[in-house]
Amino acid sequence: MIYSIYAINYNSMKYYLVTFGCQMNKYTSGKVESLLNKLGYTITTQEKEADLILVNTCSVRDSAEERAIGRIRTLAGLKRQNPNLKIGVIGCMAVRLRNSLFELIPRIDFSLGPNETENLPALIEKGSDPLPAIFSGLKEFVAISTGCDNFCSYCIVPFVRGNLVVRQKEAILSEIKELAESGTKEITLLGQDVTSFRLNGTGFPELLSDVARISGIERIRFLTSHPKGVDDQLIDVVAENPKLCPHFHLPLQSGSDRVLRDMNRGYTFDYYFGLINKIRKAIPSSAITTDIIVGFPKEARSDFEATLKAIEMVRPDSSFCFAYSARPGTPAERLPEIDQKEKSERLKRMIELTKKIAGEKNSLLIDTRQDVLIEAKNPKDPKALMGRTITNKVCLFEGGEGLIGKTVPVHITSSSAYTLKGRLG
Ligand code: 5AD
Ligand code: SF4
């Protein structure tokens, strides 16, 4: 009966979800999706047909907030055609801006901070189940902690996500077992600083060993590692266990000791350089990636030159470079900012250098064989597949769709700063 099909469509509430920001936000959005699906909502990619729109926001830089505000304003315009539409803002901006968010964009219906997502069902008037963990993707994220106690002087995270709260080990392990049983092969353990995980005598290295014992999980990654928290035990555990991917994301932020001190990072460049040399000696195939902030308050030309030199020495496999953005309420906000034009020029130079080095590092892999876990068809070429090496580098090659989910050897034939290309075998 055609009529009933219409009736089903009419009754099924649709939601549209936009996610800005870090991997932690993507993880929360995944939780929100399974929660809404369980409540009978269906996801839509068409914002115009949504009954509920959620925007998961990021406050880490001013530009991220501006992008989100622009998007929310546009989406709020849909209320003209659909007065029943509800719009919720979730994530860090909901905490940082609190009530002023509603003054800024009056058409918002509700907001929820990153630690309050379990209140979503109550807000959309549907009861209040706890957050379920039901995924079955090939690769999934699992949070091991929320918040951060490091208080780097530029960072808004401890203010919006709160102090470090470590998840119970049993909860983490059972979530991963459940994922493994439903077909997940790769897990990324997530925390603002995974190295600060500590619970009744269990540190992060022990947690990694426990996760590696879960059968079905082939690859384990972890993000983000604070350089001051990486010790010999962590390096040894990764070196000894083939399931633990030899990739360390170690934000350097600056190569100038004076700036590092002002940033409250807790290490010098010499310490950082010693650390990555130790990692590379213990695990020669490892990848080191990093984050850099240019134009921190009072950053002199010589400080910036020190960071360029540091990057030449470290030679990261890839780098995320950011222009410093003053965040209200952080200690660095009170420091004098440098000239904006100078800041953009420094950013441009830093991006050029890190891109050049990433290209050179990738070209070293030409003519090697890499184990690639195939994730999907290459979105730009339906005949080709897309996967990642153990060091998390994207690799493209020709092959049949049936291989998706398998780990295969790939002979690398060419490379760029962002990708490797190769052929099976
Ligand atoms: N301005 C610019 N970049 C920042 N980051 C964090 N806070 C700021 C800020 N206020 C960068 C750091 C961090 C990454 C996630 O974002 O490099 O490692
Ligand atoms: Fe922010 Fe520093 Fe914590 Fe990272 S370690 S989330 S930069 S305070």
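Preceding this paragraph is the structure being described.
Heads up: these notes are all about the structure in this document. (Residues numbered from 1 in each chain as written. Chains lettered and ligands numbered in written order. Predicted model: local features only at pLDDT ≥ 70, side-chain atom pairs only at ≥ 80, totals over all residues. Heavy atoms only, no water.)

For the rest of this paragraph, the subject is the sheet that holds strand E9 (residues 186-190). The parallel open sheet is built from three strands, whose spatial order is E6-E9-E12. Of all the strands in the sheet, the pair left with one neighbour each is strand E6 (139-143) and strand E12 (219-223). Across this sheet, the average inter-strand angle for adjacent strands is 25°, counted without regard to direction. As judged from the five bridges shared by E9 and E12, these two strands associate in the parallel manner. Bridge pairing in E12 places Leu190 opposite Leu223. The sheet strands contacting helix H8 (residues 169-181) are E6 and E9, and the helix crosses E6 at an angle near 165°. (Pairing = 2+ DSSP bridges. Helix = DSSP H or I, 4+ residues; strand = E, 2+ residues; numbered from the N terminus. Axes fitted to C-alpha atoms, helices over the stretch in contact; angles between N-to-C directions. Contact = heavy atoms within 4.5 Å.)

Further remarks concern the side chain of Thr57. For Thr57, the position within the fold is in strand E3 (residues 52-57). In this structure the side chain of Thr57 is engaged in a polar contact, spanning 2.7 Å, whose partner is the backbone oxygen of Ile90. Contact partners of Thr57, with chain neighbours within four places excluded, come to Phe20, Asn25, Ala68, Ile72, Val89, Ile90, Gly91, Cys92, Met93 and Ala94. (Polar contact = N/O pair within 3.5 Å; in protein donor to acceptor, adjacent residues only side chain to side chain.)

Neighbouring ligand 2 are the residues Cys148, Asn150, Phe151, Cys152, Tyr154, Cys155, Val157, Pro158, Gln192, His226 and Arg265. Grouping the amino acids of the shell around ligand 2 by side-chain chemistry returns seven nonpolar, three polar and one charged. (Near = heavy atom within 4 Å. Nonpolar A, V, L, I, M, F, W, Y, C, P; charged D, E, K, R; others polar.)

Here the focus is the pairing of E3. Among the six residues in E3, six count as buried, and that is most of the element. Across five bridges, strand E1 (residues 14-19) lies against E3 in parallel orientation. Directly across from Tyr16, in E3, lies its bridge partner Ile53. With six bridges joining them, E3 and strand E4 (residues 86-91) adopt parallel strand pairing. What sits directly across from Thr57, in E4, is Gly91. Tracing the backbone out of E3, into helix H3 (residues 62-76) and back to the parallel element E4 gives a crossover that is right-handed. (Buried < 20%, exposed > 50% of the residue type's maximum accessible area, 1.4 Å probe, protein only. Right-handed = clockwise from strand over helix to strand, strands pointing away.)

With that settled, consider the packing of aromatic side chains. For the structure shown, the criterion picks out nine aromatic pairs. Between Phe222 and Phe248 the ring centres are 5.7 Å apart and the planes differ by 80°, which places this aromatic pair in the edge-to-face class. One end of the pair, Phe222, is in strand E12; the other, Phe248, is in strand E13 (residues 247-249), with 26 residues separating them in the sequence. One exposure class covers both Phe222 and Phe248, and it is buried. Ring geometry for Phe296 versus Tyr324: centroids 5.3 Å apart, planes at 70°, classification edge-to-face. Placement of Phe296 in the loop between strand E14 (287-294) and helix H13 (301-314) and of Tyr324 in the loop between strand E15 (318-323) and helix H14 (340-363) is noted, with a sequence separation of 28 residues between them. Across this residue pair, the class does not change: Phe296 and Tyr324 are buried. Three or more aromatic residues joined by ring pairs form one cluster here, namely Tyr154, Phe296 and Tyr324. The aromatic ring of Phe322 is capped on one face by Arg61, whose charged end is 3.6 Å from the ring centroid. (Phe/Tyr/Trp six-rings, centres within 6.5 Å; stacked < 30°, edge-to-face > 60°. Lys NZ or Arg CZ within 6 Å of the ring centre and 35° of its normal.)

Looking now at the pairing of strand E19 (residues 407-415). Across five bridges, the pairing between strand E16 (residues 369-378) and E19 is antiparallel. Of the residues in E19, the one forming a bridge with Asp371 is Pro409. Here E19 pairs with strand E20 (residues 419-424) via five bridges, running antiparallel. Within the sheet, the bridge partner assigned to Ser414 lies in E20 and is Lys421. Hairpin connection between E19 and E20: a loop of three residues separates the two successive antiparallel strands.

To continue, consider the site of ligand 1. Inspection of the region around ligand 1 gives Val60, Arg61, Tyr154, Gln253, Asp291, Ile293, Phe322, Ala323, Tyr324, Ser325 and Arg327 as its neighbouring residues. Taking Arg61, its side chain carries an N or O atom lying 3.0 Å from an oxygen atom of ligand 1. One of the side-chain N or O atoms of Gln253 is found 2.7 Å from an oxygen atom in ligand 1. Taken by itself ligand 1 offers 400 Å² of open surface, and the protein chains cover 85% of this. Put simply, the parts of the chain that give the shell around ligand 1 at least two residues each are E14 and E15. Of the residues assigned to the shell around ligand 1, the class counts are six nonpolar, two polar and three charged. (Areas by Shrake-Rupley, 256 points an atom, 1.4 Å probe, with all protein chains shown as cover.)

With that settled, consider the packing of H8 against helix H9 (residues 204-212). The contact between H8 and H9 brings their axes to 10 Å, and the two run at 30°. With respect to their mutual orientation, H8 and H9 come out roughly parallel. In the crossing of H8 with H9, the sense of the turn from one axis to the other is right-handed. Here H8 contributes Lys169, Ile172, Leu173 and Ile176 to the contact with H9, which in turn contributes Leu207, Asp210 and Val211. Tallied by class, residues from the contact of H8 with H9 come to five nonpolar, no polar and two charged. (Parallel < 35°, antiparallel > 145°, perpendicular 65-115°, else oblique. Left-handed = near helix turned anticlockwise from the far one by under 90°.)

Reading around the circumference, E16-E17-E18-E20-E19 is the order of the five strands in this closed barrel, with mixed pairing throughout. Geometrically, the sheet is characterised by an average inter-axis angle of 55° between neighbouring strands, direction not taken into account. With four bridges joining them, strand E18 (residues 394-398) and E20 adopt parallel strand pairing. Bridged to Leu396 within E20 is Lys421.

The quantities given are spatial measurements derived from coordinates; they are silent on function.
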